[in-house]
Structure formats: structure tokens, C-alpha cells
Amino acid sequence: MKLHKLTTLTWSVWLGMGMLGGVAHAATATPAASSQSSNVLRATLKNGLRVVIVRDTLAPMVTTQITYLAGGYETPKGFPGTAHALEHMMFRDSTGMTGTQLNVMTGKMGGDNNAFTTNDATQYYFVAPSAYLDILLHIEATRMQGLLVSDKDWALEKGAIEQEVSRDISDPGFLAFQKVEDALYAGTGYAADPLGTRPSFDKTTPDLLRQFHKDWYVPNNAIFVIVGDVDPQATLAKVKELFEPIPERATPERVPIKLQAFKPQTISSSTPQGTGSVQFLYRMPGMQTKDFAATQVLMDVLGNARSDLSELAVQGKVLSADAQIQPFSHGGIGVVEASFPKGGDAKQTQADLDQVIAQLLKDGVPSDLVDAAKRSEITQAEFNKNSAVTLASAWSQALAWQGLDSPDEAEQQIRNVTVDDVNRVARAYLKTDGRVTVVLTPDQNGKRPPDSNGFGGTESFGSKDKVDAPLPEWAEQTLRTLAMPHWTLAPVDMKLDNGIRLIVQPESISKTVTVVGHVDQDAGLQEPTGQEGVGRLLSSLFDYGTRSLDRSAFHKALDDISATESGGTDFNLAVPSGQFDKGMQLLADNQLNPALPQAGFDVQRSSLARTLAGEMQSPDYKMMRALKQGLLPAGDSGLRRATPETVAALTLPQVKDHFAKTYRPDLTTLVVVGDVTPEQAKATVEKYFGGWKATGPKPDVVPKPVPLNPAGYTLVNNAYASQDQVLMGQVLDVDLYNPDRFALKLGNDVLGGNGFASRLMTDVRVRHGYAYGAASGMQFDRSRSLFYVEYGSDPGKVAPVDGLIRQNLADMQNTPVKDDELINARQFEIRSIPLGVSSVNHIARSLLSWGYKGQPLDEPMVAASYYLKLTAAQVQDAFKKYLKPEHMVQVVQGPPPAKH
């Protein structure tokens, strides 16, 4: 389950959110009065459940999002994690459906499901082929009315949820943010983070959780959004059949928020990260207030590439700078932050931020940046149509968290924002005496957080549910027959005269075009000796504009057409289709003629060197470095790395030489997806990229295969950690073109790659509660491939988890997988194919990867033809041949061993 905490501080459709009351007493069904009215059907059932159904035909899939208007704010006093705990229990047993059946059905559908808890609401979402919508509706109706919350299930799930807490409180940034929440919203339901604490879970009882479900999980307190390739009228009829019999109940009276005055304060802490940060955190207007739209625009203005805040990084005063908002329904936390290197001057960084805010309050926000922010927010509404998930989230956010009638109303609020509105909000909320300042300073010598010992875990076999148990009758027949899915893509594949491979997939779902490109390269093979890091430094310079447009003019040109763009070896453009030509002109100018100014080079070279100096001392870096060193032989090109010394020695001529030699059209694949014809796309690409020529022989960018690695073990100390993060891996002697990978992939689904239905998740989490999760994966590439297992648990649980993992690996090699496991894995892989290309971004990224790696552009269908025929014996043989548990490299990042 996902718990969206206030650590990420990112604004998206998944975060923030809020509460909204109200009970409807008559069933109604009307087309939505919106720009998409012909595709939208809305209804309020007799029991008060509000339903929105949106027809979206981009792919044969559907997403369901049911949002209960109860989150951390509604939890009982002294039990801040109640909403989060109940979210976890919703994946356990209900009357008529066990948790195991839920997991198996999700896998068999080829679907994905999860949930997240916010301060104001909790959402449960599914993504699956649209043929299985009936099953999704049954699942949600079953959980709404029949959740059991048995003593046994809570005892097990408590172990997993406490492991999640243990993971999160290992982050000093999260701990600092918890203090910020308490300071800004003391005495309200927003003061305690919805994650919960170990003490609160220790005293939480099944009775408490059942009561919370009874109080809040009622149809009149929920909003159900369904978006995908569905028949709206037929879908509504089924929703009524399943949900209308569930009675409405009055919810407890909601406690109105009463804000208290607070004193400005500074929270200082050390962090294991390689860089530090200074954050200004302000109490902001809520999502259901009249000033929220102006607040969004204000934060967009601050984060604009042309803002004074962004200029701090451009000038090298800070490593990075940004502005974001963590919104609640009736409040929010605005964040203005900048990062500094290890050993850097936090006080100077704070002074720089202070100057930016003071200047903005004195002079007001630039009107052209306000206009750019509004255009960007409005254009995003069109881009939301490119994904059923994103579109559904926009509806959920507008109705459940913003308390609006539709996303169109949210868009209109943005349109109505004036420069005066933004200035008024800025001067009302961005006050020096109205903020909490957080300073995180890099230091490897930290200490473990409080309440971090003895999380979770039971030695007993906690579940007798069988994975092969019969499914509910409403799912059994539908999931029994497996057929090849309908492949929806028909890309046009072209090779231009200069060697560019151009792939075009027209899609009419929105008036937008998405372009992604890749220049094939390998830093270990192509960077000259002593110039390690030259490619990374070059990538940072594309932000500085082009030879004809300086940085400010270039970003203004993008703002003027509401486009987003980035250059480099992986480049992209997202633009309204009416501005496709201009967008491609800017993309090509940036990609082929980057400015590479001396001043920008000096700043970025210094910033990168200082970043690396701290980064290389961080536990995360050391962990991944140790894994690489364990997997690759000494002297391998993959072990080459940039250091502060190699970066500091680089010169601008060396960067320009690297650009000239490695950025070549004959190593470039470019994919265009959206509201454009193949002919138009080709003509436009040739117009702006056609003059790009390659010189000299094409370089080799694919490293040679490596032999099987020896076993190894490394412990990486993290004084801040309250649990061990564990990675285990080995090199696989299988490349991307070897058909044996399909047997390995099916076997990995059984082992640990298919979420809650996998053996590892069942053993480690469901049965024992040793860890929040355990998963295995396989990465297949053109010459080198990898098998890995990852999990996080308390140090005392690592040994038993390792034992379970190794036993499961041995079982995969020594015993054929069961027929039902093979069927489940086969169904998951084949039925999930539409989901892999269910959004414009997924389509573009998939075509790009298949294209430059030399795979068929219908690679999933090729794979499916293998999956249909593979046997349990072939899966076992593949695991015997390629998996070598005795050669596994293990890296553990966690608290230092206790001193005796």
C-alpha cells in the first residue's frame, strides 16, 4: 500500500487531497456539463454514493478509484495511524473474499492495485483490462460492506505496517517534516502525520479499526471514479446493482479546523544524504479555499526556470532550488527550498532564499510568469487525457479533495487568477514570521530515530489461505479462459537519410504531441580516460539554451507555447499539437546547437564536483557501488565513475569534443506519439533534424558480456537507519535476445515479481510480517542482465528473511512450479500487455526502448506467444541453468552493529 506522506513534498494528482461531506437521497444520472460531456456520465445513487464514469478509448483498459472522505484528520485522538492501518486491512479478508483471493485475482487479471492515505482521504485504485471491470466492481463493493478485520489478520499486518514506519522514520527529512506539521497545525487533525507511530499501532485493536470502517466507509462518504474503455450506461447499471443495496449511514460529526498562532522556528538536523538543504515551510490556503488556485500559480511562478529562485542554481549560489506545495483540503504547506553541498554554507543558502522571497514580496510577481503558469496549468488538463489514470485522478482530486463539481471548475479557477491575486497570497502567507525553517546538514555520523527497535515479525505460520483456492463465483468463470489481447499499436517505422530512426504512432485522444528520443551511448566505453563525468556535466548544460537563444529567451519560448522540453542523450518534448512545429524547432535547436556557455560550464562543473564529494559518502551511493563491484570484474568499463577530481579537471573544449563525437544521428531513435500524422511528423523532423550529420565510424556503445560473479557480502553503515535495506543479486548469462528469458520471467512472477500473489511476498509479509515487502526482479539488456531480490526489515529479521528467500530459490530449482502458479503467471503477463501501452507516455517510452534496443515494435505480443507454450518443466530448467544462489552478492545498508 502507498501512504503519501509529507516527505516528498511534490504536487501531483495523488497528493494532498481533502475531505468533503454531504449525503444525497435520490438517485440521479446525468451527462457531465463539461468539455467532455459526451464521454462522461455522472450519478448519485440512492444511498449517496457519487459516481463518475468517463469513456476513454486509448487502450482496452480501465481504472477505478474509490475515495473515502476520511484520512488522518478523522482518526481518533491518540491513534494517528488509524486511517493508514485500515487502508492496509482493506487488502485482507472480507466476507465472501479472502485477501489471498484478492491478490490472485489481481494477478490473473494482469492488473495492478494499491491505495494511499492522505491527511484528508483514503483512495483505493485498480488498473486492469476493461474486460474485467465487473470483477473490479465486485471487489470494491465487497470491501465496502464486508471487511472483517480479524485478530489474526491485524496481528500479521501490524508487523508489516510497523516495518513501513521503520523505513520512513529512517529519513531525517521525514522526521523534520513531522515536526513542521505539528508546529504549523498544532491542535488540529493535520498536526500528526497519517503514517502513524509504533506506539499508536501497538495499542490499536481490531475493534478500533472495525469502528473506523463502520463510521467512515459508507457509500454516502465515498466518490467512485471509473475511467477507461467502457460503456458508461452499462457500467452505471452494474454499479447500481452492486452498490445501491449497501445502506447509507450518518458519519460522525467532522471537527472544524481551528488554526492557532505559532512562533517561527528553525528545525536543524543532520542527514546521511550527500547534499544538504534549507527549506522554508509556510502555512498555505487549503484546496477548498478561494485562494488555492492563486497559490498554485504562485508556486509555479517560483519554480519557473526563469524565476529568481531558479537563478540561484543557474548562478551557482546553490546546487538546486525549487518551490512546491503539499496541499490539504483546509490547509497546506508551501515549501521553498535550496540545496547546498556537503561542507557548504547553510547560512548563506538561507540568506539567498531570504533575498529571493523579500524581493518577490517587494516587487511583486512578474506578470509574464503568472501568464506562463496559468497556461501551463490549463494545458495540463489536455495532457491529462493521455492517460486514463491521470484523467481519473483529476476527477477524484476535483470532487473529493477540492470539493468542486469537475476538473473543468478547477481549470476555470486557474483562468480567473490575476496578478493581484498572486501578489496578495504571496504577501499574506510568505512571511518571515509565518514560517518554519528546516536545515538538513550532511553528516554520516547520525543516530537512529526513537521508537525504532523491535518492529513487527511473528515466527508463526500466520495464514492457511491457499493460492490455488477457488475464486469467488463472480470471478472464477471470467478469469478461466485466456486469450491473446488485442494489440492497439500500429507505428510507422522510418529511417531518415542521416540515420535517425523515426517511429510515429498517431493517437487522437488529446490535442497534444509527445516526443521522446535517445542517443545511444555508454559512458564507460566513450568517456576518455581522466574525463569521467564529462557526459553528466554536458547533460546539465542543455538547460542554458542554444546558440541563437540564451537561457532566458529559450525558456520563454517554451513558456509561450506551453511546452516542456529537455535535451541530452535522453531528450523529450510535450507540446500542444497546434504548436508541434515550433516545439520541434526548439527541441532540435537545443539538441543540435546547445549554447554550452563558459559561465554555465564553470557553474555546473563546480556544482557537480561538490555534489559528488558528498554523494560518494552517502549510504545509498555506497550501497549501489558495492553491488556493482560485486557483480562486475575488476577493470570493467561499468566500474568507471566520475569523481570530484575528474570533474574539476574537465575543460569546456573537452565537453564540446565529447558532444561532437557522441551525439550522432545514426545513434538516435526518435518517437512521436499523439495528434499528428506520420507524414507531418516526418516532414517536421526532417525540417529541423535533417541537417544533422555524423562523421567518422560509428562507436561501439554496447559493453561486452561479463562472467558469472563470485559470492560476496558488504555491510554499508547508515547511522540513521532503523532497519536494514537488503539487495541480493547475480549476473545472468542471458541477453535481451535469448528466448530463455521468457521462462525466467514467468518463473520470477511466481517467485517475487507479481506483487502480493508471489511466493516471497506471501512468505515474508503475509505469513510472517517480517518486512513491509519483498520482491525479486530481472533486468534483461543487450549484453548484460541481472537477477535481484530486495527487501527491508529490522536487523534481527534479516537472517530469517534470507532463509526464506534461499529456500524459495531452491524450491524454484528443485520442484516444478504448480500448475495454478504457472497459469497465474501466464495470465498476468499476457493480460497485462494492454496496461503497458495504456497511456501516451507508456506508448512513447515503450516504442523508444524497443526501437533502440533492436526489438520488435510489438515485443509484448512476441513474448505472449512464448508464454502460452511454456511448461513448468521449462521454467524449472531455466532457473536451474541460470540462477546460482551460491554466487549471490548481498549488500546490506543499515544501522551499525551494536557495540558490546
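Residues numbered from 1 in each chain as written. Predicted model: local features only at pLDDT ≥ 70, side-chain atom pairs only at ≥ 80, totals over all residues. Heavy atoms only, no water.

Student: Looking at this structure, how should I read the nonpolar core?
Tutor: Most often, soluble globular proteins have nonpolar side chains that are buried together. Membership of the largest hydrophobic core comes to 61 residues, with the highest contact counts inside it found for Leu298, Leu302, Val336 and Leu430. For leucine 430, the contacting residues outside a window of four places in its chain are Tyr282, Met284, Leu298, Leu302, Ile357, Leu360, Leu361 and Val425. Core analysis: the next-biggest nonpolar cluster, separate from the first, contains 60 residues, Leu732, Leu760, Val875 and Met888 among them. (Core = buried A, V, L, I, M, F, W, Y, C linked by side-chain atoms within 4.5 Å. Buried < 20%, exposed > 50% of the residue type's maximum accessible area, 1.4 Å probe, protein only. Contact = heavy atoms within 4.5 Å.)

Student: What should I look at first to understand the confidence of the model for the protein in this one?
Tutor: Note that predicted coordinates carrying low pLDDT should not be read in detail. Taken over all residues, the pLDDT of the protein has a mean of 92, while the share at 70 or more is 93%. Contacts for the low-pLDDT stretch residues 1–27, under 50 throughout, to residues beyond four places or in other chains number 129 contacts. Of the regions scoring below 50 in pLDDT, residues 452–465 engages in 43 contacts with residues more than four places distant in sequence or in other chains. (pLDDT = per-residue confidence, 0-100.)

Student: Can you help me understand the sheet that holds strand β22 (residues 774–779) in this one?
Tutor: Backbone hydrogen bonds are what pair the strands of a sheet, in a parallel or an antiparallel way. One open sheet accounts for five strands, arranged β20-β24-β21-β23-β22; its pairing is mixed. With partners counted over all chains shown, the strands left at the sheet margins are β20 (712–717) and β22, one partner each. Recorded for the sheet is a direction-independent mean angle of 15° between the axes of neighbouring strands. Taken strand by strand, helix α27 (residues 759–767) contacts β22 and β23 (785–793), and its axis lies near 155° from that of β22. (Pairing = 2+ DSSP bridges. Helix = DSSP H or I, 4+ residues; strand = E, 2+ residues; numbered from the N terminus. Axes fitted to C-alpha atoms, helices over the stretch in contact; angles between N-to-C directions.)

Student: Explanation requested: the sheet that holds strand β15 (residues 501–506) in the structure shown.
Tutor: One open sheet accounts for six strands, arranged β14-β15-β19-β16-β18-β17; its pairing is mixed. Looking at the sheet topology across the chains shown, the edges are occupied by β14 (492–495) and β17 (564–566). The mean inter-strand angle of the sheet, taken between neighbouring strand axes irrespective of direction, is 15°. Bridging between strand β16 (residues 512–519) and strand β18 (residues 570–576) involves seven bridges; their strand directions are antiparallel. Bridged to histidine 518 within β18 is aspartate 570. Of the strands in this sheet, β16, β17, β18 and β19 (668–674) touch helix α20 (residues 580–592), which is tilted by about 160° from β18.

Student: Just checking my understanding: could you explain the pattern of salt bridges for this structure?
Tutor: A side chain of one charge can pair with a side chain of the opposite charge when the charged atoms of the two come close. One pass over the structure, following the stated rule, counts 42 salt bridges. Notably, a salt bridge pairs glutamate 157 with arginine 765, separated by 2.3 Å at the nearest N-O pair. Pair noted here: glutamate 157 is in helix α4 (residues 151–168) and arginine 765 is in helix α27, with a separation of 608 residues, a long-range link. The class of glutamate 157 is buried, set by a relative accessible area of 2%. The residue arginine 536 makes a salt bridge to glutamate 615 at a minimum N-O spacing of 3.4 Å. Taken as a pair, arginine 536 in helix α18 (residues 534–541) and glutamate 615 in helix α21 (residues 598–615) lie far apart in primary sequence, 79 residues in all. By relative accessible area, arginine 536 is classed as partly exposed at 40%. With relative accessibility at 24%, the residue glutamate 615 sits in the partly exposed group. Look at the salt bridges and you will find they share partners, linking Arg92, Lys152, Asp153, Glu157 and Arg765 into a network. (Salt bridge = Lys/Arg side-chain N within 4 Å of Asp/Glu carboxyl O.)

Student: Would you take a moment to explain the side chain of serine 130 for this structure?
Tutor: You can see serine 130 is positioned in the loop between β7 (122–129) and α3 (133–146). With sequence-adjacent residues up to four places away left out, serine 130 is seen in contact with Pro60, Met61, Val62, Asp229 and Val230.

Student: When you look at the packing of aromatic side chains in this model, what are you seeing that I'm missing?
Tutor: Note on aromatic pairs: each is described by the distance of the centres and the angle between the planes. Counting across every chain of the model gives 20 aromatic pairs. Taking the centre distance of 4.5 Å and the plane angle of 40° together, the rings of tyrosine 190 and phenylalanine 328 count as tilted. Highlighted residues: tyrosine 190 in the loop between α5 (172–184) and α6 (198–202) and phenylalanine 328 in the loop between β11 (320–327) and β12 (332–341), separated in sequence by 138 residues. Taken individually, tyrosine 190 and phenylalanine 328 each receive the classification buried, so the pair is uniform in this respect. Aromatic pair phenylalanine 224 and phenylalanine 243: ring centres 5.3 Å apart, planes at 55°, arrangement tilted. Of the two residues, phenylalanine 224 is situated in strand β8 (residues 222–228) and phenylalanine 243 in helix α8 (residues 232–243); the sequence distance between them amounts to 19 residues. Pair check on accessibility: phenylalanine 224 and phenylalanine 243 agree, each one buried. (Phe/Tyr/Trp six-rings, centres within 6.5 Å; stacked < 30°, edge-to-face > 60°.)

Student: Can you walk me through the environment of leucine 667 in this structure?
Tutor: Considering the arrangement of structural elements, one finds leucine 667 in the loop between α24 (652–662) and β19. The exposure class assigned to leucine 667 is buried, which follows from its relative accessible area of 9%. Taking the C-alpha atoms as reference points, leucine 667 and lysine 374, separated by 293 residues in sequence, lie 38 Å from one another.

Student: How do you make sense of the pairing of strand β13 (residues 435–442) when you look at a structure like this?
Tutor: The two faces of a sheet get side chains in turn, since along a regular strand they alternate between them. With seven of eight residues buried, β13 lies mostly within the body of the structure. Sheet analysis places strand β9 (residues 265–271) next to β13, joined by seven bridges and oriented parallel. Across the sheet, the residue bridging to isoleucine 267 is valine 438, located in β13.

Student: How do you make sense of the pairing of β12 when you look at a structure like this?
Tutor: In terms of residue burial, β12 counts as a mostly covered element, since ten of its ten residues are buried. Here β12 shows no split at all, with Gly332, Gly334, Val336, Ala338 and Phe340 on one side and Ile333, Val335, Glu337, Ser339 and Pro341 on the other all buried. Across nine bridges, the pairing between strand β10 (residues 275–283) and β12 is antiparallel. Its bridge partner lying in β12, glycine 276 is registered against phenylalanine 340. In the sheet, β11 pairs with β12 via eight bridges, with the strands oriented antiparallel. Bridge assignment links alanine 323 to a residue of β12, and that residue is valine 336. Taking the residues between adjacent antiparallel strands as the criterion, β11 and β12 are bridged by four residues.

Student: Teacher, can you tell me more about the packing of α18 against α24 here?
Tutor: Helix-helix packing is described using two parameters, namely the angle between the two axes and the distance between the axes. One way to put it is that α18 packs onto α24 with a least axis distance of 10 Å and a crossing angle of 90°. The orientation of α18 with respect to α24, classified from their angle, is roughly perpendicular. Between α18 and α24, the contacting residues are Val534, Gly535, Leu537, Leu538 and Leu541 on the first element and Gln654, Val655, His658 and Phe659 on the second. Class assignment of the residues belonging to the contact of α18 with α24 gives a composition of six nonpolar, three polar and no charged. (Parallel < 35°, antiparallel > 145°, perpendicular 65-115°, else oblique. Nonpolar A, V, L, I, M, F, W, Y, C, P; charged D, E, K, R; others polar.)

Student: Sorry, what's going on with helix α14 (residues 407–416) here?
Tutor: Structural remark: α-helix, 3.6 residues per turn; residues separated by three or four positions point the same way. Taken residue by residue, α14 has Pro407, Ala410, Glu411 and Ile414 as its buried positions. The arc that holds every buried residue of α14, seen down its axis, measures 100°, which confines them to one face. For α14, the secondary structure elements touched by its buried residues are α9 (292–303), α12 (367–383) and α13 (388–401). (Arc of directions from axis to C-beta.)

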